[in-house]
Amino acid sequence: MMKQIFKGCVSGLALTVATTLPLSAADMMTELGAGEGTVSIVAWPGYIERGETDPAFDWVTKFEETTSCKVEIKTANTSDEMVALMNEGGFDLVTASGDASLRLIAGGRVQPVNIDLIPSWARVDDRLKDAPWHTVKGTHYGTPFMWGPNVLMYNTEAFPEAPTSWNVVFEEMTLPDGESNKGRVQAYDGPIYVADAAMYLMAHQPELGITSPYELNEDQYAAALDLLRTQRTLVSRYWHDAFIQIDDFKNEGMVASSSWPFMVNLLKADGVPVSSVIPEEGATGWADTLMLHSEAEHPNCAYAFMEHSLSSNLQSDLSVWFGAVPSVPEACSDGSGMQTAAGCSENGLDDFDKIRFWQTPVSSCESQGTCVPYYRWVSDYIGVIGGR
């Protein structure tokens, strides 16, 4: 199924970029009207909670009661799936990561956002307001949502002390519990994971000259693929469904994998012996943006939700729930929800400059002129997973 999604993204993106242009500031809304009664959101698992998973975490019910806009949620497990869904249409908002946002802008699938219609925009972290993954030539194409690292999750019985390197998932070895890591580790089922291999090589093969894991020339890219092919012999499962990974760590003997703090938190709450760490090589990460579809059927409700995302308990409580960092720093300590200043620091508030945030690889790149573009990452990573 995921191979079909990836292939659809490649062909769909090529067609979209060839036949459309990004919408400009002249195309954005200038005033708001009455809500349409519904807002449909494509979101990462765990991002839009109404108390069904845990009654303590609900940032939807009050919004619906206040605005009369019913929230409809479609979860997506990879950025490529999000792009495919937005290409199909029928949705109002998407929580797009940096490896999807610029594709959506270039393809004309999202419209500029008028920040003057979002009263709480001033509360957004200054480091995110003009971030290049949602701002093009001074025009904003969304409101910052959440950000955080892709952590190394590990079983604390297999690792009495936290692993210090990503080598536990990239190279065959005997782990501290005396058993091999072969068949006991996982990797992310998304082409952007090539960047994790490139980041590892930045530290361990500096002679390759990699300066950005998203800007790789042919030799650097080949080295990353070789590392991923080695990893293929170790991996038990490539994960993209958060809850399947949770089950694998509970019941299938998994002991190490790239992961999100969301899964770490749920497993810990369930009493599973896991923890997480950012190893010495650093981490890739995500900075997600709430973006408005260019043909949104419910734009007024969508704008209402964008404002809600910045001004309600969402930022604080989602930060606790997902293990992420709020895009509104005040949410760490203003009492709007459960988060605290200490909790935000633990989630990585001070690590912003250490994270290699997801971005879409392009052929014309800043570090070395010509790089391997994303469509190659897609097709080649499918080959790696398939054993080629």
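Before any of the text, the structure's been laid out above.
Calculation rules
Residues numbered from 1 in each chain as written. Predicted model: local features only at pLDDT ≥ 70, side-chain atom pairs only at ≥ 80, totals over all residues. Heavy atoms only, no water. Helix = DSSP H or I, 4+ residues; strand = E, 2+ residues; numbered from the N terminus. Buried < 20%, exposed > 50% of the residue type's maximum accessible area, 1.4 Å probe, protein only. Polar contact = N/O pair within 3.5 Å; in protein donor to acceptor, adjacent residues only side chain to side chain. Contact = heavy atoms within 4.5 Å. Disulfide = S-S within 2.5 Å. Pairing = 2+ DSSP bridges. Axes fitted to C-alpha atoms, helices over the stretch in contact; angles between N-to-C directions. Expected span 1.5 Å × (residues − 1).

Novice: Any chance you could break down the side chain of His308 for me, citing the residues and the numbers?
Specialist: With respect to the helices, strands and loops of the structure, His308 is situated in helix α11 (residues 299-311). Classification of His308 as buried rests on a relative accessible area of 9%. A distance of 2.7 Å separates a polar side-chain atom of His308 from the backbone oxygen of Trp59. Residues within four places of His308 in sequence aside, it is in contact with Trp59, Phe63 and Leu314.

Novice: Tell me about the state of the cysteines, and please be specific about residues and values.
Specialist: All chains considered together, the criterion is met by three disulfides. Paired through a disulfide, Cys332 and Cys344 show a sulfur-sulfur distance of 2.0 Å. On the sign convention where negative means left-handed, the S-S torsion of about -95° between Cys332 and Cys344 marks this disulfide as left-handed. Residue Cys332 is located in the loop between β13 (325-326) and α13 (341-347), and its partner Cys344 is located in helix α13; the two are separated by twelve residues in the primary sequence.

Novice: Please provide a residue-by-residue account of the environment of Val136, values included.
Specialist: For Val136, the location among the structural elements is in strand β4 (residues 135-136). A relative accessible area of 30% means that Val136 is categorised as partly exposed. Considered as a pair, Val136 and Ile105 are 31 residues apart in the sequence and their alpha carbons are 8.6 Å apart.

Novice: An account of the sheet that holds strand β11 (residues 274-277) is needed here, citing residue identities and associated values.
Specialist: Strand order in the open sheet formed by five strands is β9-β8-β10-β7-β11, and the pairing between neighbours is mixed. Two strands close off the open sheet at either side, each with one partner strand: β9 (235-239) and β11. The average undirected angle you get between the axes of adjacent strands in this sheet is 30°. Direction of pairing for strand β8 (residues 185-188) relative to strand β10 (residues 256-259): parallel, over a ladder of two bridges. Bridge pairing in β10 places Val185 opposite Ala256. Against the sheet, helix α10 (residues 261-269) contacts β7 (151-155), β9, β10 and β11, and its axis sits at roughly 155° relative to β11.

Novice: Explain helix α8 (residues 218-232) to me, using residue names and the numbers behind them.
Specialist: The terminal C-alpha atoms of α8, which comprises 15 residues, lie 21 Å apart, in line with the 21 Å expected from a rise of 1.5 Å per residue. For α8, the full list of buried residues reads Gln220, Tyr221, Ala223, Ala224, Leu225, Leu227, Leu228 and Gln231. Of the surrounding secondary structure, the elements contacted by the buried residues of α8 are α6 (167-170), β8, α7 (194-204), β9 and α14 (374-385). Near the N-terminus of α8, the side chain that reaches the backbone nitrogen of Asp219, with its oxygen 3.1 Å away, is that of Asn217.

Novice: Which residues make up the pairing of β10, and what values do they have?
Specialist: Side chains Ala256 and Ser258 project from β10 onto one buried face, and the interleaved Ser257 and Ser259 project onto a second face that is buried too. Bridge count for β7 against β10 is four bridges, and the pairing is antiparallel. Across the sheet, the residue bridging to Met153 is Ser257, located in β10.

Novice: For the environment of Leu208, give the residues involved together with the corresponding values.
Specialist: Structurally, Leu208 can be placed in the loop between α7 and α8. Look at Leu208 and you get partly exposed, because its relative accessible area is 22%. With sequence-adjacent residues up to four places away left out, Leu208 is seen in contact with Leu201, Gln220 and Ala223.

Novice: Before we move on, can you summarise unusual backbone geometry with the specific residues and values?
Specialist: Phi is positive for Ser68, close to 65°, though the residue is something other than glycine. On the secondary structure map, Ser68 appears in the loop between α2 (61-67) and β2 (70-75). In this structure, Lys137 is a non-glycine residue whose phi angle is positive, near 50°. In this fold, Lys137 is placed in the loop between β4 and β5 (139-140). On the basis of relative accessible area, Lys137 is assigned to the exposed category, the value being 86%.

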